[in-house]
Amino acid sequence: MSSPSVISRPTTLYGGQAGRRITVRDIAAAKERGEKWPMVTAYDAMTARVFDEAGIPVLLVGDSAAMVVYGYDSTLPVSVDDLMPLTAAVVRGSSRAMVVADLPFGSYQSSPQQALETAARFMKEAGAHAVKLEGGRRVLPQVEALVSAGIPVMAHLGLTPQSVNALGGYRVQGRGQAGDELMADAKDLEYAGAFSVVLECVPTELAERVTSSLSIPTIGIGAGPGTDAQVLVWQDLMGLTARPAKFVKKYFDLAQEMDRAVRAFADEVSTGAFPAAEHSYR
């Protein structure tokens, strides 16, 4: 009788060899060895392929699609049906990255049963490998229900965009006594079974304290350099966003390059230079 095969683990999360999908065990192992890793958003197959081949270990199909894909001014209007085909496209376009689907506003808050039904759709119909939801102790029953059903959960604390109206706008969270409450939320989410937690727009010192006190990884966005991982919306880091937040670093001016390219195309069409002979059939 042959011995059971051993599932190999990537040496590193970022830039490791393809061959199988990143799992929650890989992410936990990265925390243990102190590896920092990147996460970016993705909303279609072509960009997912680029990011996957670049070695990005986790792709988030964020409800930020409401703004960067659908043109809304907040994340609130986007629906499960809006995000489902985007998630499926990212799964099809990647082969190594873990694909995490955001549960949009109104799709999980009312009850654990609602959360389970929504998350199950993302897993079964779109092929997501994990889901993300916002909130602390108020969503612990939802987290516990999902984890009990075998669905990996990424939590999200600090500035939770789905609660922007209750928070009074896009403001730094966790200062003063609110920092102790966020810490308690983070520990409760870990205990409930979340495999990671996003910390958005919180003071650097608080993010460092949360990171050092949890055994699960923290993923920062506007939370300073002390978290285990960092996430950005890909349109932000590529320079497509007109007025990015303070925490965004622009790594490329894609807007300028796209403008240059489309103007060159338009000029050549208007002058008859395109298509030339080499772009035509005989």
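Residues numbered from 1 in each chain as written. Predicted model: local features only at pLDDT ≥ 70, side-chain atom pairs only at ≥ 80, totals over all residues. Heavy atoms only, no water.

In the annotation of an unreviewed UniProt entry, the entry for the protein chain reads 3-methyl-2-oxobutanoate hydroxymethyltransferase, and the organism field reads Streptosporangium becharense. We quote the UniProt Pathway (unreviewed entry) comment for the protein chain here in full: "Cofactor biosynthesis; (R)-pantothenate biosynthesis; (R)-pantoate from 3-methyl-2-oxobutanoate: step 1/2." Reading the Sequence similarities (unreviewed entry) entry of the UniProt record for the protein chain gives the comment "Belongs to the PanB family." (UniProt positions renumbered as here; feature names shortened; annotations may be inferred.)

A word on the layout of surface pockets
With a probe scaled to a water molecule rolled over the atoms, the places where space remains empty come into view. Counted as a void, the largest pocket has a volume near 910 Å³. The wall of the largest pocket is formed by 37 residues, among which Met-67, Glu-200, Val-233, Asp-236 and Phe-247 lie closest to the centre. When residues of the lining of the largest pocket are traced back to their parent elements, those giving at least two are helix 3 (65–68), strand 6 (196–200), strand 8 (229–232) and helix 10 (234–237). Of the residues belonging to the lining of the largest pocket, the class tally is 19 nonpolar, eight polar and ten charged. (1 Å grid on protein atoms, 1.4 Å probe; cavity = no way out; pocket = protein on both sides within 12 Å on 5 of 7 lines; lining within 4 Å. Points joined across faces, edges and corners; volume = space filled by probe spheres on them. Helix = DSSP H or I, 4+ residues; strand = E, 2+ residues; numbered from the N terminus. Nonpolar A, V, L, I, M, F, W, Y, C, P; charged D, E, K, R; others polar.)

As for the packing of helix 8 (residues 177–192) against helix 9 (residues 204–213)
It is at 10 Å that the axes of helix 8 and helix 9 come closest, and there the two elements cross at 25°. By the angle between their directions, the pair helix 8 and helix 9 is classed as roughly parallel. Judged by the twist between their axes, the crossing of helix 8 over helix 9 is right-handed. Along the contact surface, helix 8 presents Gly-179, Asp-180, Leu-182, Met-183, Ala-186, Lys-187 and Glu-190, while helix 9 presents Leu-206, Arg-209, Val-210 and Ser-213. (Axes fitted to C-alpha atoms, helices over the stretch in contact; angles between N-to-C directions. Parallel < 35°, antiparallel > 145°, perpendicular 65-115°, else oblique. Left-handed = near helix turned anticlockwise from the far one by under 90°. Contact = heavy atoms within 4.5 Å.)

What about the sheet that holds strand 1 (residues 37–41)?
If you trace the eight strands once around the closed barrel, you get 1-2-3-4-5-6-7-8, paired in parallel fashion. Strand-to-strand, the axes of this sheet are offset by a mean angle of 25°, without reference to chain direction. Bridge count between strand 5 (residues 153–158) and strand 6: five bridges; the pairing is parallel. By the bridge assignment, Leu-157 is partnered in strand 6 with Leu-199. (Pairing = 2+ DSSP bridges.)

Quick word on the UniProt feature "binding site: 3-methyl-2-oxobutanoate" (unreviewed entry) in the protein chain
Under the feature "binding site: 3-methyl-2-oxobutanoate" (unreviewed entry), the UniProt entry names Asp-63, Ser-64, Asp-102 and Lys-132. Of the residues just listed, which span 70 residues, no C-alpha pair is farther apart than 12.4 Å, and they cluster in one region. The subset of these annotated residues that lines the largest pocket comprises Asp-63, Ser-64, Asp-102 and Lys-132. Position of Asp-102 among the secondary structure elements: in strand 3 (residues 98–102). At 2.9 Å, the side chain of Asp-102 and the backbone nitrogen of Asp-63 are in polar contact. (Polar contact = N/O pair within 3.5 Å; in protein donor to acceptor, adjacent residues only side chain to side chain.)

As for the environment of Ser-111
Within the secondary structure, Ser-111 sits in the loop between strand 3 and helix 5 (112–125). A distance of 3.0 Å separates a polar side-chain atom of Ser-111 from the backbone nitrogen of Gln-114.

Quick word on the packing of helix 2 (residues 45–53) against helix 4 (residues 80–93)
Direction vectors running N to C along helix 2 and helix 4 enclose 40°, while the axes themselves pass 7 Å from each other. By the criterion of interaxial angle, the relationship of helix 2 to helix 4 is oblique. Relative to helix 4, helix 2 is oriented so that their crossing is right-handed. The segment helix 2 lies against helix 4, with Ala-45, Ala-48 and Arg-49 engaging Ala-89, Val-90 and Gly-93. Residues of the contact of helix 2 with helix 4, tallied by class, amount to four nonpolar, one polar and one charged.

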